[in-house]
Amino acid sequence: MKRNHLLLAIVGVAALLLFPVGIHNPYYIHLLETIMIYAIVLFGLDIVVGYTGQVSLGHAGLFGIGAYTAGVLVFKLAAPLWITLPAAVLITAGFGALLALPALRVSGPYLAMVTLAFGTIIQILINEMSFLTEGPLGIKLEKPSLFGHKLDDREFYWLVVVLMVLALVVVHRILRSHLGRAFEALRGSPVASDCMGVSVYRYKVYAFVISAGFAGLAGSLYAYSEQYISPNSYNFELTVLFLLAVIMGGRKSRIGSLVGAAIIVLLPKLLDDIEMFRYVSVGLALLVALTAVIGIQKGRATWQQMAIPVVGSVALAALSFWLKTMTDWRLSIFGVIMLFVVYYLQDGIVGFVRNALNLKSRPTDDAENEDPSHLPSVSDGMSVTQAGTGELLNANGVLMQFGGLKALNNVDLSIRRGTIHGLIGPNGSGKSTMMNVLTGIYVPTAGTILFAGKSVVGRSSSDIALSGIARTFQNVQLFGEMTALQNVMVGLHHTFDSNLVDVSLHLPRYKRENLQATARGMALLRFVGLAPLAHEEARNLPYGKQRVLEIARALALDPQLLLLDEPAAGLTAPDIKELISIIRKIREHGVTVILIEHHMDVVMSMCDTVTVLDFGQKIAEGEPAKVQADEKVIEAYLGGTAT
Ligand code: ADP
Ligand code: MG
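None of the values given here were measured: they were computed from a predicted structure.

Brief notes about the site of ligand 1
Item 1. The full set close to ligand 1 counts 13 residues, and Gly428, Lys431, Ser432, Thr433 and Tyr442 are the nearest of them.
Item 2. At a separation of 2.8 Å, an oxygen atom of ligand 1 approaches a polar backbone atom of Gly428.
Item 3. A distance of 2.8 Å is found between an oxygen atom of ligand 1 and a backbone nitrogen or oxygen belonging to Lys431.
Item 4. Protein chains shield 63% of the accessible area of ligand 1, which is 560 Å² for the free molecule.

Below you can see the structure in the form of structure tokens.
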């Protein structure tokens, strides 16, 4: 499989390079060049849209900044290529950080609007700052020189091919690394990312900055390619086209970006020419039908699923023969095709083909293809922390107020090292709130919390996680589209020191860290009995497995304290038994556990100490047997169940 991919890639690149040798028409060369330049933008946009799950309508603006950085540097300073390209990347990346700021506060439609405003402001600024940009007149520039040699159209095309391939490789490597996993985790569950030590704040900004860097590179190439730039090229229409291209091509896919770029460049041209349109629509209909037939034969798809794409593309082909001319229909057809793809092929064209032909969307992680014999020996992925004795966590007078409600009212909690500490109470008594306070999701209204002697209050969730508190969630918070192994590897994010350069160049440091993390991730999955499901997407796992996967992911943080919020909820009896043995093993490794649980038998058989909450107040504490016999506790539970 791997060899096939390589072969395909070589053939593809060779075809791109040889294209202008075979075809001399400068129009087609320029068309292909534009597709590749747009593809570079889309590689970057896909990081933001496909991986982190944010919307950006600011990318035409960023593309414009890249173009104008190159244009102005050439126009004002006659700067050479080796200055203009890096400058465009860096300056645009800086603006990317600016664009990330609203993404930290708002999301969804609000973010779409703010990023759109960003793009519009950029366009206006380019228009108004005539002293720098020549305003509406625009800037003319020539093809650049390289090593003292002025590139002609064909040579510049080759430069674009090389840079596009480089961009593709770099983006691909970034997205396959711990950085890519961090981006994807944001989309899956921001709160879980933070609690795994992956700061949502930092990685959102990071994603926008990297994404913008690619838009900058593409913009500067575009300036040279067109040899003329003016403010209204970077308008609303372009930004919507970029977004549509990612969605149509298929998010989370480099091939999808290439397909998307080809569509937005070629489709308008196609719709200019009725003859051409007929050929292509018939070809497309045949292709879709073929894909559907193969998909159905392989049992990957049903007639119902395939009917609409097939009928749609056949209808398009029929329409092309019915129409006499294109001129009146161009925009309508363009719009309908876009709508059709976005609505019916939600995973884009690449996703549709992949799904129908059962091509695995995610080949195994790099490290797994290596010989495991020289891996560091990891028995079960957990390091044994010296249990020690004494107090690990001390909460004093914790008050958590939501409006008038005191979800926690003056609660003291003391957790001894190496113990399993039960936290019980009726629904709504404040147990989960306590965990949220301990992990920095809520900042308590009053009170102190010391963990290993250091205050927790006011620190960010990711910071607290890295200092040694890991958790699971009452409502499972996995990164659904990522595999079980990748979920655990997000928890291992803290074991990576590699930066963007290490990742892009696959330097030894990154290779070593990736190998170790993969081995540890697998070991942790073995520890909880999930190794056979390592490459299954988390959302496809049975509920019970999802719960233990969350525990494995939490253990990846190497925590001193593990908080489990109702881990047995919704589990079958055999699953619960297995869970109990896992929690026991965790304690044997010296990890202290706080366990919220409703199953009394679980609590009573495992916990060293139990704390009981009711209406946000601590009503009892002590050994399980004693607590169980406590009158107040019995009353709270009976009262709780009776109402
Ligand atoms: P438990 O986990 O013990 O069932 P919780 O800690 O989830 O209970 O909730 C305790 C109380 O705090 C409930 O009354 C709940 O409605 C309230 N609460 C929890 N989180 C919030 C919030 N973010 N805003 C307002 N009220 C909240
Ligand atoms: Mg709860």
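Having seen it, we continue.
Topic: the coordination of the magnesium ion (ligand 2)
Item 1. Looking at the magnesium ion (ligand 2), the protein donor atoms are Ser432 (OG) and Gln474 (OE1), and they sit 2.0 Å from it. Of this pair, Ser432 sits in helix H17 (residues 431–438) while Gln474 sits in the loop between strand E10 (469–471) and helix H19 (484–491), placing them 42 residues apart in sequence.

Considering the pattern of salt bridges
Item 1. Considering all chains together, one arrives at 12 salt bridges under this definition.
Item 2. Here Glu481 and Lys252 are joined by a salt bridge, their closest N and O atoms 2.5 Å apart. Placement of the pair is Glu481 in the loop between E10 and H19 and Lys252 in the loop between helix H11 (236–249) and helix H12 (254–270), with a sequence separation of 229 residues. Of the two residues, Glu481 and Lys252, neither departs from the other in class, the shared state being buried.
Item 3. Salt-bridge contacts for Arg520 lead to Asp558; the nearest nitrogen and oxygen are separated by 3.4 Å. In this pair, Arg520 sits in helix H21 (residues 508–527) while Asp558 sits in the loop between helix H22 (543–555) and strand E11 (561–565), placing the two residues 38 residues apart along the sequence.
Item 4. You can call Arg520 buried: its relative accessible area is 17%.
Item 5. For Asp558, a relative accessible area of 30% corresponds to the partly exposed category.

Observations concerning the domain arrangement of the protein
Item 1. Once the domains are mapped, the protein shows domain 1 (30–234) and domain 2 (391–485 + 534–638).
Item 2. On the side of domain 2, 16 residues touch domain 1, which itself brings 15 residues to the contact.
Item 3. Across the interface of domain 1 and domain 2, roughly 1,200 Å² is buried in total on both sides, 72% from carbon and sulfur atoms.
Item 4. The interface formed by domain 1 and domain 2 includes 0 salt bridges.

Details of the side chain of Ser429
Item 1. Summarising the element assignment, Ser429 is placed in the loop between strand E7 (420–424) and H17.
Item 2. Polar contacts involving the side chain of Ser429 include one to the main-chain carbonyl oxygen of Pro426, which spans 2.7 Å.
Item 3. Here Ser429 is in contact with Ala407, Leu613, Asp614, Phe615 and Gly616, once residues within four sequence places are set aside.

Regarding the packing of aromatic side chains
Item 1. On inspection of all chains with the given rule, the structure shows 15 aromatic pairs.
Item 2. Considering the side-chain rings of Phe63 and Tyr222, the 5.0 Å spacing of their centres and the 50 degrees angle between planes classify their relative orientation as tilted. Linking Phe63 in helix H3 (residues 59–77) with Tyr222 in helix H10 (residues 200–226), this pair joins segments that are 159 residues apart in sequence.
Item 3. Judged by its relative accessible area of 0%, Phe63 falls in the buried class.
Item 4. Accessibility expressed as a relative area gives 12% for Tyr222, which makes it buried.
Item 5. Grouped by ring-pair contacts, the aromatic residues Tyr38, Phe63, Tyr68, Tyr222, Tyr234 and Phe242 constitute a single cluster.
Item 6. A cation sits over an aromatic face here: Arg553 above Phe479, 4.6 Å from the ring centre.
Item 7. Above the face of the Phe527 ring, Lys585 is positioned so that its terminal group lies 4.5 Å from the ring centre.

So, helix H16 (residues 348–357)
Item 1. Turning to H16, its buried residues number three or more, namely Gly348, Val350, Gly351, Phe352 and Ala356.
Item 2. For H16, the elements touching its buried residues are H11, H12, helix H13 (274–297) and helix H14 (303–322).
Item 3. Taken from the residues just after H16, Asn358 is the one with a positive phi, measuring 60 degrees.

Focus: the environment of Gly480
Item 1. By the element assignment, Gly480 lies in the loop between E10 and H19.
Item 2. Each C-alpha atom, one on Gly480 and one on Ala465, is 21 Å from the other, the two residues being 15 residues apart in sequence.
Item 3. Here Gly480 is in contact with Glu537, Ala538 and Arg539, once residues within four sequence places are set aside.

What to know about the pairing of strand E8 (residues 446–451)
Item 1. In this sheet, E8 lies alongside strand E5 (residues 391–402) in antiparallel orientation, the contact comprising 5 bridges. When the sheet's bridge partners are listed, Leu393 is paired in E8 with Phe451.
Item 2. Looking at chain direction, E8 and strand E9 (residues 454–455) are connected through 2 bridges and run antiparallel. In the strand pairing of E9, Leu450 is matched with Ser455.
Item 3. Where E8 hands over to E9, the hairpin turn is made up of 2 residues, of which Ala452 adopts a positive phi near 50 degrees.

How each quantity is defined
- Residues numbered from 1 in each chain as written.
- Chains lettered and ligands numbered in written order.
- Predicted model: local features only at pLDDT ≥ 70, side-chain atom pairs only at ≥ 80, totals over all residues.
- Heavy atoms only, no water.
- Near = heavy atom within 4 Å.
- Polar contact = N/O pair within 3.5 Å; in protein donor to acceptor, adjacent residues only side chain to side chain.
- Areas by Shrake-Rupley, 256 points an atom, 1.4 Å probe, with all protein chains shown as cover.
- Donors = N, O, S within 2.8 Å, 3.2 Å for Na, K, Ca; no water.
- Helix = DSSP H or I, 4+ residues; strand = E, 2+ residues; numbered from the N terminus.
- Salt bridge = Lys/Arg side-chain N within 4 Å of Asp/Glu carboxyl O.
- Buried < 20%, exposed > 50% of the residue type's maximum accessible area, 1.4 Å probe, protein only.
- Domains from an automatic or database assignment.
- Contact = heavy atoms within 4.5 Å.
- Buried area = accessible area lost by both parts, 1.4 Å probe.
- Phe/Tyr/Trp six-rings, centres within 6.5 Å; stacked < 30°, edge-to-face > 60°.
- Lys NZ or Arg CZ within 6 Å of the ring centre and 35° of its normal.
- Pairing = 2+ DSSP bridges.

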